[in-house]
Amino acid sequence: MRSFIFTLAVLITCHTTSFTQGCVALRGTGTSCNVTGQQSAPGQWQFNMGYRYFKSFRHFKGKEEQEERQKLGTEVINWQHLLDLSIQKQISPRWSLAVGIPIGANQRSSLYEHGRTERHSTESFGIGDMRIMAYRWMIDPAKHSKGNFQLGAGLKLPTGDYNYQDYFFNVGPDGTKEMRPVDQSIQLGDGGTGVALELNGFYHITPLANIYGNAYYLFNPREVNGTRTYRETLSATLANESIMSVPDQYLARIGFNYNFLGNLKGFSASLGGRLEGIPVYDLIGSSAGFRRPGYIVSIEPGISYQMKKSALFLYVPVAMVRNRTQSVTDKENSEITGTYRHGDAAFADYAINLGYSIRF
């Protein structure tokens with residue numbers, strides 16, 4: 001039982017930090033990995049390290065792929081490497097506290113951002129937005145070992161640079177390069193102080209088979225962060241997207257986990273579904289400024305190996321549905337002009353999420 005709970009904690013909560021994909025700017029600002037009260041003694045610590053990689057290049061308007069972008073060579077390509085570090089302490093059998101921070105290295109290759117004449121790349125590197133979370137198991141772990149659910153709440157702090165700049169080519173007054181903020185999708189932070197709410201749960205079907213679930217929502221009340229996008233230079237209809245928005249984001253996961261015996265003891269495999277995205281409208285505050293709203297539905301296979309005090313895990317969510325929804329600007333311009341407008345965004349086919357967790 002304790003072995004399962006530790007593995008479940010790693011698979012559910014470590015992995016929720018691994019937001020994907022591409023131009024829809026979902027960052028690694030989810031929950032920190034948490035040790036559950038059902039297997040950790042008060043005062044025990046846990047260190048977690050997760051790595052994420054993806055390459056986004058497929059453009060979508062709504063759910064329709066814009067295949068001509070790759071044929072014409074005008075697609076935008078994003079590469080992301082993210083190292084997510086967190087530390088956590090078990091305060092009591094039910095309560096735990098966690099602090100985490102991501103470190104990202106991103107690259108973006110495009111034509112349209114560089115005068116539409118030559119393909120160039122911009123990059124960003126540094127720490128992202130820190131999160132501080134508190135968790136509580138809502139059912140007494142000592143009395144209910146078959147299933148339980150956990151609530152989490154905390155803050156996302158704007159420690160990541162949200163005005164990271166690099167050189168853009170063929171855009172200066174004399175057609176040369178100019179230092180500008182990189183695209184929202186590879187900014188290290190969003191510039192807002194957010195409130196994060198989370199729900200984690202599990203239930204034993206058999207001693208070896210279990211189901212798990214996780215839901216997360218980040219409220220970002222700040223409207224815009226003051227970082228210029230230069231989108232108004234692309235088209236007069238994009239004037240209200242000249243400054244970057246500070247959007248909400250969400251994640252939901254549910255799946256099935258099986259623990260092996262015999263020669264494979266310590267290994268477990270899982271299969272689940274995953275929904276993540278950025279809404280068109282925030283739940284609190286205004287939704288002005290530039291954002292690329294959308295969501296991804298993925299099938300999420302995974303495998304983990306649990307040792308006495310540590311665990312390794314690998315998850316590879318594969319996108320099944322990619323939807324770049326209409327933004328506020330799209331909706332406003334459609335109404336003003338009488339012509340349907342819908343911006344696009346690039347998405348990845350899959351992401352690689354690799355992690356390690358150890359108790360001490």
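Residues numbered from 1 in each chain as written. Predicted model: local features only at pLDDT ≥ 70, side-chain atom pairs only at ≥ 80, totals over all residues. Heavy atoms only, no water.

Tell me about unusual backbone geometry, residues and numbers included.
Here Asn-170, not a glycine, exhibits a phi torsion of approximately 60 degrees, which is positive. Take Asn-170: it is sitting in the loop between strand E8 (165–168) and strand E9 (178–181). For Asn-170, a relative accessible area of 29% gives the class partly exposed. (Helix = DSSP H or I, 4+ residues; strand = E, 2+ residues; numbered from the N terminus. Buried < 20%, exposed > 50% of the residue type's maximum accessible area, 1.4 Å probe, protein only.)

I'd love a proper account of the pattern of salt bridges, names of residues and values included.
One pass over the full model with this rule turns up 19 salt bridges. For the salt bridge of Asp-344 with Arg-69, the shortest nitrogen-to-oxygen distance reads 2.7 Å. Of this pair, Asp-344 sits in the loop between helix H3 (328–337) and strand E19 (345–359) while Arg-69 sits in helix H2 (residues 68–72), placing them 275 residues apart in sequence. A residue is classified by how much of its surface remains accessible, and Arg-69, at 18% relative accessible area, is buried. (Salt bridge = Lys/Arg side-chain N within 4 Å of Asp/Glu carboxyl O.)

Please set out the environment of Ser-124 residue by residue, giving values where relevant.
Position of Ser-124 among the secondary structure elements: in strand E5 (residues 120–127). The class for Ser-124 is buried, based on a relative accessible area of 3%. With sequence-adjacent residues up to four places away left out, Ser-124 is seen in contact with Gly-104, Ala-105, Asn-106, Tyr-164, Ile-186 and Leu-188. A polar atom in the side chain of Ser-124 sits 2.5 Å from the backbone oxygen of Ile-186. (Contact = heavy atoms within 4.5 Å. Polar contact = N/O pair within 3.5 Å; in protein donor to acceptor, adjacent residues only side chain to side chain.)

Describe the packing of aromatic side chains, and please don't skip the residues or the numbers.
Tallied over the entire structure, the rule returns 7 aromatic pairs. Relative to Phe-347, the ring of Phe-60 has its centre 5.7 Å away and its plane inclined at 85 degrees; by these criteria the two rings are edge-to-face. With a gap of 287 residues between them, Phe-60 in strand E1 (residues 45–61) and Phe-347 in strand E19 connect regions that are remote in the sequence. Owing to a relative accessible area of 5%, Phe-60 belongs among the buried residues under this scheme. With centroids separated by 6.5 Å and ring planes inclined at 5 degrees, the aromatic side chains of Tyr-217 and Tyr-250 adopt a geometry described as stacked. A residue pair is termed long-range when its members are at least 10 positions apart, and Tyr-217 in strand E11 (residues 209–219) and Tyr-250 in strand E14 (residues 249–259) qualify at 33 residues. According to the relative accessible area criterion, Tyr-217 is buried, its value standing at 16%. (Phe/Tyr/Trp six-rings, centres within 6.5 Å; stacked < 30°, edge-to-face > 60°.)

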